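# Breakdown of the fold
Here is what each chain is made of, one letter per residue.
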Amino acid sequence: DDAQEARLMSTVENAVWAADGNNTDKPVYVVYSTECAWSKRLFEQSRQLADKVQLRWIPIGATAAPDVVAARSSSSVAGAFSGKRVIPADLSKAQRGVDYNSGVMNSITYQLRPHDRATNFVLPSLIYQTAEGLKVVAGIPANLEAMANDVVSTPEKAGIQPAAIDLTSVP
């Protein structure tokens, strides 16, 4: 239903995500771990999508997750996957962002419960808007090009500032 889709979309929009790609009005939210081999594979395979969509990487509980939360850039995502850590100046603030994102993962799992009784959250998980409605993909899409073509333009989402940035700024 539309209300449920709006809640799920709001959950990921307001997480602490790192922007990756130029087409900001076609966001694809990716819940992932920097220590997940499948997430790393998605990152590597998605390099050709930069002009088609903007992947918004939402890091959860991994050693390098605070690096990504602090920098919020595609280079921080790449660095985390390659093992090149850049320890944030304010590590406690970055950790609060990671903790917030872990809550996002739990919220998504809860919101999808009526549709999917899986007890494990699959990494990576992608969430994006299509002409048919909100789509959630667990794992790497079989055809990334087709996935990118399915994402509809939502200009109002281009410049959004996640609420989690302000919510995690102070202890």
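Read on for a plain summary of the structure. (Residues numbered from 1 in each chain as written. Predicted model: local features only at pLDDT ≥ 70, side-chain atom pairs only at ≥ 80, totals over all residues. Heavy atoms only, no water.)

As a further point, take the pairing of strand E2 (residues 27–32). Extensive coverage of E2 is indicated by the burial of six of its six residues. Because side chains alternate across E2, one face comprises the buried residues Pro-27, Tyr-29 and Val-31, and the other comprises Val-28, Val-30 and Tyr-32, equally buried. Bridge count for E2 against strand E3 (residues 54–59) is six bridges, and the pairing is parallel. The residue bridging Pro-27 from the neighbouring strand is Gln-54, located in E3. As a crossover connection, the stretch from E2 through helix H2 (residues 37–45) into E3 is right-handed. Pairing geometry for E2 and strand E4 (residues 125–130), over four bridges, is antiparallel. Its bridge partner being in E4, Val-28 is matched across the sheet by Tyr-128. (Buried < 20%, exposed > 50% of the residue type's maximum accessible area, 1.4 Å probe, protein only. Helix = DSSP H or I, 4+ residues; strand = E, 2+ residues; numbered from the N terminus. Pairing = 2+ DSSP bridges. Right-handed = clockwise from strand over helix to strand, strands pointing away.)

Restricting attention to buried positions, one finds in helix H4 (residues 74–82) the residues Ser-76, Val-77, Gly-79, Ala-80 and Phe-81. Against the buried residues of H4 lie strand E1 (18–20), E2, H2, E3 and helix H3 (65–71). Once H4 finishes, Gly-83 follows within two positions and takes phi at roughly 85°, a positive value. (Contact = heavy atoms within 4.5 Å.)

Below, the discussion takes up the layout of surface pockets. Approximately 160 Å³ is the volume attributed to the second largest pocket. Across the lining of the second largest pocket, the residue classes break down as five nonpolar, one polar and three charged. (1 Å grid on protein atoms, 1.4 Å probe; cavity = no way out; pocket = protein on both sides within 12 Å on 5 of 7 lines; lining within 4 Å. Points joined across faces, edges and corners; volume = space filled by probe spheres on them. Nonpolar A, V, L, I, M, F, W, Y, C, P; charged D, E, K, R; others polar.)

Take helix H5 (residues 91–112) next. A rise of 1.5 Å per residue sets the reference length of H5, with its 22 residues, at 32 Å; its end C-alpha atoms lie 32 Å apart and thus fit the reference within 8%. As for H5, its buried residues are in contact with helix H1 (2–13), E2, E3, H3 and E4. (Expected span 1.5 Å × (residues − 1).)

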